[in-house]
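Listed below are the residues making up each chain.
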Amino acid sequence: MNAHTEHLDVIVIGGGAAGLSAALMLGRSRRRTLVVDSGLPRNRFATHMHGVLGHEGIDPAELLRKGREELAAYDVGIRSGQVARLDETEEGVSVLLEDGERITGRIAIVATGVTDELPDIPGLAERWGATVLHCPYCHGWEVRGRRIGVLTTSPLGMHQAQLIRQWSDDVVVFTAGLGPLEEADEQRLLSRGITLVTAPVTEVLGEGDQVTAVRTADGLTTEVGAIFTAGTLRPHDGFLTHLGLDRADAPVGSFLAVDATGKTSSDRIWAVGNVSNPMANVPISMCAGTMAGSVVNATLVTDDFDRAVAGPTPADFWQEKYAGSDRIWSGKVNTVLGDIAADLSPGTSLDLGSGEGADVIWLAQHGWQATGIDISENAVARGREAAAAAGLAEEQARFAVSDLSSPSDLGESYDLVTASFFHSPVELPRTDILRRAAGLVSPGGHLLVTSHAAAPPWADASAHEHRFLDAKEELAALDLPEESWETVVLEHRNRPVTSPSGEEATLEDSVVLLRRR
């Protein structure tokens, strides 16, 4: 499984009018935004778009082309793909694509639209968007004055039949889809000269994309120059149904329930366009996307200030630590790990807080199937780049983002779990994480914890409030059952280094190596 290395502000799922409008506002707000687009907008069957001020009559595909071009100016990314699953996470949302790539962000905007499932009548679907139509405001003017057929598919067809009469004096309503027609409804339609045909439609006739007639079950043929109908609307939201978001029942089906800004019952998921409002045309969808993009940015602004007041989280701190281009660490394996692992038989390994990946790469180069996890997306990206530069395949040196508190998705067990200098200037449940990691060690496998036993000699002791544990205290803090673990190494080791001022110095490291029985 591949992973998109950057943790985005917003992931927009759907690149139609609603999705691109949301992305435009976010890009102009300097938000890191990615649009995932299937390339299958609802109106792709039409060659002209109407009722959109300033864009009257243009091809819908041209509107989207222009929109994509505009987004490029604001560094909004667009990626082709289909979404398989959307999940909520502690850091926001996670999107799994059908090709296996996973993308993470703080908020998701769903703009995936709907599918019009037409009646299974020969000749109907082939002319959809040309002379088989559904919205008179979008297409009525172009077929005005023709003899227009209304193919009803549900009781809602009564509304459509009356509406179409505004665009033509010669309207034929095929009433089978209405069910039993009340006398009052029949008289209402007849009062304005509408012709009623009760036999079910069996075929739509025509030449190319032009409708010429409708054949019914009684064998009769009725000439028409266009057909208006309504398919069953299927929202493209199957990738999030497991979240159990609130839904609203509409006359045409069940859709995601949203507020005036497009927010769903999740604080991290918005839904705009036809996926939540099936009756929305292009301008309404664009407005909904614009509103959602603006409100999502405002939501993130509030979140940014809340985080600033609360202070950096561990993820924020380490993400910023690895944000620059300069190398943080030496790029060499930690000495203790190199010495101890050299005497172990290679197997599977897991490195906690893998940073720029030097330990993982060394293990992989020495026959281990190595995995490194880090809380920072940037650190993981650096590890992957370094492994690739070293000529290692992903199955040899794998890196993954994890908050380190729930490593259950990283594999069932490992022959070696390592944590080298696993300290954090911001609060991190270090001991709890190490205990959980110990649970991933296979029987006969090893847990190696290498830590600072004391502050460096050049540090200001009066300003250094952190107290480092010695090896015995480290073992006691782990509090692992003695009957399940054998202590192999419990000692301190001195390590020669060069201080920031260039002077030679010695650091004291504590080493705890345990073997699981």
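You'll find the structure just up there.
Bear in mind that the values here come from a model prediction, so they are computed numbers and not experimental data.

Quick look at the pairing of strand β3 (residues 77-80)
As paired elements, strand β2 (residues 33-37) and β3 share 4 bridges and run parallel to each other. Bridging across to β3, Asp-37 finds its partner in Ser-80. In this fold, β2 hands off to helix α2 (residues 60-72), which returns the chain to β3; that crossover is right-handed.

Some details on the packing of helix α1 (residues 17-28) against α2
α2 packs onto α1 with a crossing angle of 20 degrees between their chain directions and a minimal axis gap of 10 Å. Relative to α2, α1 is oriented roughly parallel. Between α1 and α2 lies a crossing of left-handed hand. For the pair formed by α1 and α2, the contact residues are Ala-17, Leu-20, Ala-23 and Leu-24 on the first element and Leu-64, Gly-67, Arg-68, Glu-70 and Leu-71 on the second.

Digging into the pairing of strand β10 (residues 171-174)
Along β10, one buried face is formed by Val-171 and Val-173 and the opposite face, lined by Val-172 and Phe-174, is buried too. You can see the chain leave strand β9 (residues 148-151), run along helix α4 (residues 157-164) and come back into β10, and the turn it takes is right-handed. Where β10 and strand β11 (residues 195-197) come together, 3 bridges link them in parallel fashion. Bridging across to β11, Val-173 finds its partner in Leu-196. Crossover β10 to β11 through helix α5 (residues 183-190) is right-handed.

Quick notes on the side chain of His-139
One can find His-139 in helix α3 (residues 136-139). For His-139, a relative accessible area of 14% puts it in the buried group. Aside from chain neighbours lying at most four places away, what touches His-139 is Ala-46, His-48, Leu-133 and Phe-228.

So, the side chain of Glu-356
You can see Glu-356 is positioned in the loop between β20 (348-352) and α9 (358-365). For Glu-356, a relative accessible area of 8% translates into the label buried. At 2.9 Å, the side chain of Glu-356 forms a polar contact with the backbone nitrogen of Trp-329. If near-sequence neighbours (up to four positions away) are discounted, Glu-356 is found in contact with Tyr-322, Asp-326, Arg-327, Ile-328, Trp-329, Arg-382, Gly-383 and Ala-386.

Things to note about the sheet that holds strand β24 (residues 441-452)
One open sheet accounts for 7 strands, arranged β22-β21-β20-β23-β24-β26-β25; its pairing is mixed. Looking at the sheet topology across the chains shown, the edges are occupied by β22 (397-401) and β25 (485-498). Across the sheet, the mean angle separating the axes of adjacent strands is 15 degrees when strand polarity is ignored. Docked against the sheet, helix α10 (residues 377-389) engages β21 (369-374) and β22, running at close to 170 degrees with respect to β22. The sheet contacts of helix α11 (residues 430-438) involve β20, β23 (414-420), β24, β25 and β26 (504-516), and relative to β24 the element is tilted by about 155 degrees.

Considerations on the sheet that holds strand β14 (residues 221-223)
Reading across from one edge, β12-β13-β14 is the order of the 3 strands in this open sheet, with antiparallel pairing throughout. In this open sheet, the two strands that pair with only one neighbour each are β12 (201-207) and β14. Each strand axis lies, on average, 30 degrees off the axis of its neighbour in the sheet, ignoring direction. Examined bridge by bridge, strand β13 (residues 210-216) and β14 share 3 bridges and lie antiparallel to one another. When the bridges of β14 are listed, Arg-215 appears paired with Thr-221.

Structural notes on α1
Residue pairs three or four apart in sequence face the same way in an α-helix, which turns once every 3.6 residues. Its 12 residues give α1 an end-to-end C-alpha distance of 17 Å, which sits within 8% of 16 Å, the value for a rise of 1.5 Å per residue. Taking burial as the measure, the 12 residues of α1 include 9 buried ones, the bulk of the element. When α1 is considered as a whole, its buried residues turn out to be Ala-17, Ala-18, Gly-19, Leu-20, Ser-21, Ala-22, Ala-23, Leu-26 and Gly-27. On its buried face, α1 is in contact with β1 (8-13), β2, α2, β6 (102-110) and α6 (282-310).

Comments concerning the packing of α11 against helix α12 (residues 471-478)
With their axes 9 Å apart at the nearest point, α11 and α12 run at an angle of 70 degrees to one another. Taken together, the axis directions place α11 and α12 in an arrangement best described as roughly perpendicular. Here Arg-430, Thr-431, Leu-434 and Arg-435 of α11 come into contact with α12, specifically with Glu-474, Ala-477 and Leu-478. Across the contact of α11 with α12, the residue classes tally to 3 nonpolar, 1 polar and 3 charged.

Points about the packing of aromatic side chains
This structure, assessed with the given rule, holds 3 aromatic pairs. The interplanar angle of 90 degrees and the centroid separation of 5.5 Å between the aromatic rings of Tyr-137 and Trp-167 together place this pair among those described as edge-to-face. Placement of Tyr-137 in helix α3 and of Trp-167 in the loop between α4 and β10 is noted, with a sequence separation of 30 residues between them. On the basis of relative accessible area, Tyr-137 is assigned to the exposed category, the value being 58%. Seen from the ring of Trp-141, Arg-144 lies directly overhead, with NZ or CZ sitting 3.9 Å from the centre.

Let's talk about unusual backbone geometry
One non-glycine residue, Arg-30, lies in positive phi territory at about 65 degrees. Looking at the element boundaries, Arg-30 is found in the loop between α1 and β2.

Cut-offs and rules
Sequence order sets the numbering: in each chain, residues are counted from 1 along the sequence as written. Where totals are concerned, whole chains, interfaces and linings use all residues; where local detail is concerned, this predicted model gives features only for residues with pLDDT of at least 70, and gives and counts side-chain atom pairs only at 80 or more. Heavy atoms throughout the structure, all of them, feed into the side-chain values; hydrogens and water do not. By definition, two strands form a pair when at least two bridges between them are found by DSSP. Helix and strand definitions here come from DSSP, where helices need a minimum of 4 consecutive H or I residues and strands a minimum of 2 consecutive E residues; each element is numbered from the N-terminal end. By convention, a crossover is right-handed whenever its connection, traced from the first strand over the helix to the second and viewed with the strands pointing away, goes clockwise. Helix axes are fitted only over the stretch in contact, all axes being lines through C-alpha atoms; the angle between N-to-C directions runs from 0 to 180 degrees. For classification purposes, an angle smaller than 35 degrees is called roughly parallel, one larger than 145 roughly antiparallel, one from 65 to 115 roughly perpendicular, and anything else oblique. Left-handed describes a crossing whose near helix is turned anticlockwise from the far helix by less than a right angle; the clockwise case is right-handed. Any two residues having at least one pair of non-hydrogen atoms within 4.5 Å are treated as being in contact. Type-normalised accessible area, obtained with a 1.4 Å probe on protein chains alone, sets the label of each residue: buried when under 20%, exposed when over 50%, and partly exposed for intermediate values. Think of a polar contact as two N or O atoms within 3.5 Å of one another; within protein, one of them needs to be a possible hydrogen donor and the other a possible acceptor, and neighboring residues in sequence only count if both atoms come from side chains. Every helix has an expected span of 1.5 Å times one less than the residues it contains. Each residue is assigned to one of three groups, with Ala, Val, Leu, Ile, Met, Phe, Trp, Tyr, Cys and Pro labelled nonpolar, Asp, Glu, Lys and Arg labelled charged, and all others, Gly among them, labelled polar. Here is the rule: rings of Phe, Tyr and Trp (six-membered ring for Trp) pair when centre to centre is within 6.5 Å. Planes less than 30 degrees apart are stacked, more than 60 are edge-to-face, and the remainder are tilted. When the NZ atom of lysine or the CZ atom of arginine is within 6 Å of a ring's centre and also within 35 degrees of its normal, the charge is said to sit over that ring.

Geometry only, nothing functional implied.
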